[in-house]
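# Per-entry structural report
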Amino acid sequence: MQDEIRAALLLWIPLAIASLGMAMQFRRQHSLQNLGKGFLILGGSLYLASFLTVPESPSAASSALIVAILPALLLIFVGLYIATFAGDIPVKRFNRKLRPLGLLLFISGLALLEAMNWYDEKWLPSLHWEGETNKYWLIFRPTFLLGMSSILFCSSYVIKHMGENRNDASRNLFLLGAFSFGFLLLGLYTDNAYTTTDQFSTSVWLATSDLFGILAGLGLSIIVFTLAILQYERKRPGLGNLPPPSNEQLELAADVIRKNLGGEENE
Amino acid sequence: MSESPKQRVMLIAGFILILPSLVLVIISSSSDSDLSRGFARFANAFLTTYTLTSIFFIVNMFRYSKSRNEPKAPWIGMSYAAILGVIASIALTSQGGFLLEDNSGSRAQILTNVVHFIVTALAVMVAIVIMIFVAFVNITSRNQNKQ
């Protein structure tokens, strides 16, 4: 019982606080957004530390995995950020010469993520949890590779057919997708440091089920949300049936127009 | 691009999106136990995603209701939809329920589903962010090379 209370206090409640913080980012008031950021950092940090604070909880393995892959993810995102903002865009933030460095960091991040799977070396972040392979790694890796290959193949096709002169971008997206799919196939036929081919085959099958389940669940909730709003909007009176605006509303409209037009009062 | 070829491109893009999954399902041999586990995983992922995103949409109704006269009907409708997801999850994962995976009870299964969702969503989000950035990097480098 005490373990459950500890898990609730140090894992589940922080996770709920982080989710609340994330939801607060969609509010208009800046004060609430800032408070939400605070919640997100506090809740997220406590959740990420849960593999140290409540190691007896089976769910703490997920935070151990996220912490283990964090260096690789940081390399990937920092690399892509530098490469993007060193390019020819209006909000250029980095020198053009830093672009190859960005790409190098991105490739190093992907290589680190794969090296962690293929080699169980001391200098690499460990994917073990309680003496076994972290079960969330068996969920993350196939989902990531499958998701990446699907999304990259799809975007490669869309960019080629929707934009003009986008052949290079389309080809590079396709190549990265092919690499990702190649690693999936390799896992199906070769044992690695953490999984056998049988385990990986089952993981891929479950990852496919997961992705389809997520797509279906997301689709249904969007449909329900749309219907809830549509039903209400349809019951509202049409523009022709609305009562004339009150003096207060006219004042408000005049104020908005005045602010947007600018200029002197007597013009 | 006119409307008809655009629709065709989107249709083919949708097919390409699921193509790697289809190929893997065909080439990886799946036993009967894998099939039943796969179905349980699909249903758990479906219910968890539906419930969590419905709750997320309820929170987002704040924004919508601010732009109207703070109506109650969409809130209540969306809340019912989320509650339905919670009830279905509890009913289908309680003892003997067919969505119970390697867990002892309904609460453990629901909590596992939430953590599972976080890890899966993280994997998908990372993949999407990589795609967006890689596309941008390529497009901006092309402009740079032209100059």
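All values reported here derive from a predicted model rather than from experimental measurement.

### Description of the overall build of chain B
Broken down by element type, chain B carries four helices and zero strands. Listing the helices and strands of chain B from first to last along the sequence gives α-α-α-α. When each of the 147 residues of chain B is scored for burial, the buried share is 42%. Sequence separation of 24 or more characterises 48% of the internal contacts of chain B that already satisfy a separation of 6 or more. Of the roughly 7800 Å² of accessible surface on chain B, a fraction of 68% belongs to carbon and sulfur atoms.

### So, the overall build of chain A
For chain A, the helix and strand inventory stands at nine helices and two strands. Secondary structure elements in chain A, listed N-terminal to C-terminal, are α-α-α-α-α-β-β-α-α-α-α. A compact globule built from 267 residues would reach a C-alpha radius of gyration of about 18 Å, whereas chain A, at 25 Å, exceeds it by more than 25%. The dimensions of chain A, computed from C-alpha atoms along their principal axes, are 80 × 60 × 40 Å. The buried share among the 267 residues of chain A stands at 42%. A fraction of 59% describes how many contacts in chain A between residues 6 or more apart in sequence connect residues 24 or more apart. Summed over all atoms, the accessible surface of chain A reaches about 15100 Å², with 65% contributed by carbon and sulfur. In chain A, the 20 positive side-chain charges and the 21 negative ones have mean positions that sit 7 Å from each other.

### Structural notes on helix α7 (residues 167–189) of chain A
Helix length check: α7 of chain A (23 residues) gives 33 Å between terminal C-alpha atoms against 33 Å at 1.5 Å per residue, within 8%. Taken together, the buried positions of α7 of chain A are A169, S170, L173, L176, G177, S180, F181, L184, G187 and L188 of chain A.

### Regarding the environment of A16 of chain A
The topology assignment puts A16 of chain A in helix α1 (residues 2–24). Sequence separation between A16 of chain A and L40 of chain A is 24 residues; the distance between their C-alpha atoms is 9.5 Å.

### Observations concerning the nonpolar core
Formed by 68 residues in total, the largest nonpolar core has its most connected members in F144 of chain A together with I130 of chain B. Excluding its chain neighbours within four sequence positions, the residues that come into contact with F144 of chain A are L110 and L113 of chain A together with A123, V126, A127 and I130 of chain B. Residues V224 and A228 of chain A together with Y50 and A81 of chain B belong to the second largest nonpolar core, which totals 13 residues.

### Quick look at the pattern of salt bridges
Residues and elements named next belong to chain A. For the structure shown, the criterion picks out seven salt bridges over all chains. Here E56 makes a salt bridge to R6, at a shortest N to O gap of 3.2 Å. Pair noted here: E56 is in the loop between α3 (50–53) and α4 (60–85) and R6 is in helix α1, with a separation of 50 residues, a long-range link. Residue D168 pairs with R171 through a salt bridge whose shortest N-O separation is 3.7 Å. Here the residue D168 and the residue R171 both occupy positions in helix α7, the gap between them amounting to three residues, near one helical turn.

### Examining unusual backbone geometry
Non-glycine residue E130 of chain A carries a positive phi angle of around 55°. Note on E130 of chain A: relative accessible area 64%, which makes it exposed.

### A short note on helix α2 (residues 30–48) of chain A
Residues and elements named next belong to chain A. The end-to-end C-alpha separation of α2 is 26 Å, in line with the 27 Å expected for 19 residues at 1.5 Å each. Every buried residue belonging to α2 is among Q33, G36, G43 and Y47, and all of these are buried. All buried residues of α2 lie within an arc of 95° about the axis, which places them on one face of the element. The exposed set on the far side of α2, more than 90 degrees from its buried face, consists of H30, S31 and I41.

### Describing the interface of chain A and chain B
Contacts between the two partners involve 87 residues from chain A and, on the opposite side, 76 residues from chain B. Carbon and sulfur atoms make up 76% of the surface buried where chain A meets chain B, a total of about 7500 Å² over both sides. Put simply, chain A and chain B have two salt bridges between them. A salt bridge links E4 of chain A to R107 of chain B; the shortest N-O distance between them is 3.2 Å. When contributions to the side of chain A that touches chain B are tallied by element, the ones reaching two or more residues are α1, α4, α5 (99–118), α6 (137–162), α7 and α8 (197–235) of chain A. Among the elements that make up the side of chain A that touches chain B, the one with the highest residue count is α8 of chain A (24 residues).

### Topic: the packing of aromatic side chains
All names here are of chain A. The full count for this structure, using the stated rule, is nine aromatic pairs over all chains. Plain terms: the ring middles of F153 and F181 are 6.4 Å apart, the flat faces sit at 65° to each other, and that makes the pair edge-to-face. Of the two residues, F153 sits in helix α6 while F181 sits in helix α7, which places them 28 residues apart along the sequence. Each member of the aromatic cluster is reached from another via a ring pair, and the members are Y81, F85 and F94.

### Structural notes on the side chain of S63 of chain A
Residue and element names in this part refer to chain A. In this structure, S63 sits in helix α4. A polar atom in the side chain of S63 sits 3.1 Å from the backbone nitrogen of F51. S63 has contacts with Y47, L48, S50 and F51, leaving out every residue within four places of it along the chain.

Conventions we followed
- Residues numbered from 1 in each chain as written.
- Chains lettered and ligands numbered in written order.
- Predicted model: local features only at pLDDT ≥ 70, side-chain atom pairs only at ≥ 80, totals over all residues.
- Heavy atoms only, no water.
- Helix = DSSP H or I, 4+ residues; strand = E, 2+ residues; numbered from the N terminus.
- Buried < 20%, exposed > 50% of the residue type's maximum accessible area, 1.4 Å probe, protein only.
- Contact = heavy atoms within 4.5 Å.
- Areas by Shrake-Rupley, 256 points an atom, 1.4 Å probe, with all protein chains shown as cover.
- Rg over C-alpha atoms; globule rule 2.2 N^0.38 Å.
- Lys, Arg positive; Asp, Glu negative; His and termini not counted.
- Charge placed at Lys NZ, Arg CZ, Asp CG, Glu CD.
- Expected span 1.5 Å × (residues − 1).
- Core = buried A, V, L, I, M, F, W, Y, C linked by side-chain atoms within 4.5 Å.
- Salt bridge = Lys/Arg side-chain N within 4 Å of Asp/Glu carboxyl O.
- Arc of directions from axis to C-beta.
- Buried area = accessible area lost by both parts, 1.4 Å probe.
- Phe/Tyr/Trp six-rings, centres within 6.5 Å; stacked < 30°, edge-to-face > 60°.
- Polar contact = N/O pair within 3.5 Å; in protein donor to acceptor, adjacent residues only side chain to side chain.

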